[in-house]
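Report on the structure
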Amino acid sequence: MIKARITVTLKNGVLDPQGKAIEHALSGLGFGGVGQVRQGKVFDVELAESDKAKAEADLKAMCDKLLANTVIENYSVAIT
Amino acid sequence: MKSAVVLLPGLNRDRDMIAALTKISGTPPITVWQTDTEIPDVDLITIPGGFSFGDYLRCGAIAARMPVMRAVAEKATKGVMVIGVCNGFQILVEAGLLPGALMRNTSLKFVCRQVKLQITNANTMFTRRYQPGQIIRSPVAHHDGNYFADAETLRRLEGEGQVVFRYAEGTNPNGSINDIAGIINSQGNVLGLMPHPENLIEAAHGGSDGRALFESALGIAA
């Protein structure tokens, strides 16, 4: 069994209203020096697969087909 | 002209769409379910609004991967008209049938109100019963209607007249880039829009500004 963590983040230049709101809330809590905050998603995926290369290819295909919208999002796959 | 309505779990404007198509065309539309792999011969397929699959992951993302959407894509390639309203628009962009993406409203608030729309292209199969530049009213009700496309896509949309509806007179409810409310594909037979024209088709609705969209598509004289 392979476990992987997929991280999906917004591409640079894509407006992130939620990140902006979080940024303001952090400043409001008194945290000084908070720069830009961008919100993303994390998926922990378990795969019944022993071949690491095959798993990585499958996980990337999952990102391209469903987990990320590549019009606005980047993704990274880390096998843990 | 025959029409169909795509049904998916979590949509909630399907009955509004069925009522609008029935009233305007005189014939009830065929309904197709998410697992259907074939759509009968129709001239127009509509995808209504709502929250398909709870809008989990991203709005319209799960719905766009259902078997029925492959059937919709096949029909669209053959030139059949497709209209996606609200969640239907989100599903069409997630399915890759329209360019760009629909993101969270910049206000972060769900907006439910009436807006004004400008017909920016009256030379489409969906808008030919409107006048160029005409301003119409339309209800909106969404949380994720903030249209985004990269600079190159945007240039192409604007240059090719693919922006069909624009929020008019400072009524942009969601921060949509270039005030975009609705677009068509390059072939001109797939339309996606966030507003709900099906909810403004008769006097009981308080107006019929949305009616001409369906009359245009269904080839019905006003």
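About the cut-offs
- Residues numbered from 1 in each chain as written.
- Chains lettered and ligands numbered in written order.
- Predicted model: local features only at pLDDT ≥ 70, side-chain atom pairs only at ≥ 80, totals over all residues.
- Helix = DSSP H or I, 4+ residues; strand = E, 2+ residues; numbered from the N terminus.
- Buried ≥ 20, exposed ≤ 12 C-beta atoms within 10 Å, placed from the backbone.
- Contact = placed C-beta atoms within 7 Å.
- Pairing = 2+ DSSP bridges.
- Axes fitted to C-alpha atoms, helices over the stretch in contact; angles between N-to-C directions.
- pLDDT = per-residue confidence, 0-100.

Topic: the environment of B:N172
Residue and element names in this part refer to chain B. By secondary structure assignment, the location of N172 is in the loop between strand 9 (163–167) and strand 10 (180–184). Judged by C-beta crowding, with 22 C-beta atoms within 10 Å, N172 ranks as buried. In sequence terms N172 and K116 are 56 residues apart; their C-alpha atoms lie 8.5 Å from each other. In contact with N172, not counting residues within four places along its chain, are Y167 and D179.

Description of the environment of B:S25
Residues and elements named next belong to chain B. With respect to the element layout, S25 can be found in helix 1 (residues 14–25). Here S25 falls in the buried class, since 20 other C-beta atoms lie within 10 Å of it. Considering only alpha carbons, one finds S25 and F214, 189 residues apart in sequence, at a separation of 8.5 Å.

Some points on the sheet that holds strand 4 (residues 81–85) of chain B
All names here are of chain B. As summarised here, the arrangement of the nine strands in space is 2-1-3-4-11-10-9-6-7, forming an open sheet in which the pairing is mixed. Each edge of the open sheet carries a strand with a single partner, namely strand 2 (30–33) and strand 7 (135–142). Across the sheet, the axes of successive neighbouring strands diverge by a mean angle of 25°, strand direction being ignored. In this sheet, strand 2 lies alongside strand 1 (residues 3–7) in parallel orientation, the contact comprising four bridges. When the sheet's bridge partners are listed, L7 is paired in strand 2 with W33.

Concerning the confidence of the model for chain B
For chain B, the average pLDDT comes to 96, and 100% of its residues sit at 70 or higher. For this predicted complex, the interface confidence score (ipTM) comes to 0.87, while the overall pTM stands at 0.94.

What about the pairing of strand 10 of chain B?
All names here are of chain B. Burial analysis of strand 10 places five of its five residues in the buried class, which makes it a mostly covered element. As paired elements, strand 9 and strand 10 share three bridges and run antiparallel to each other. Bridge pairing in strand 10 links V163 to I183. Taken together, the three bridges between strand 10 and strand 11 (residues 190–193) define a ladder with antiparallel strand orientation. In the strand pairing of strand 11, I183 is matched with G192. What sits between strand 10 and strand 11 in their antiparallel hairpin is a turn of five residues, with G188 showing a positive phi close to 90°.

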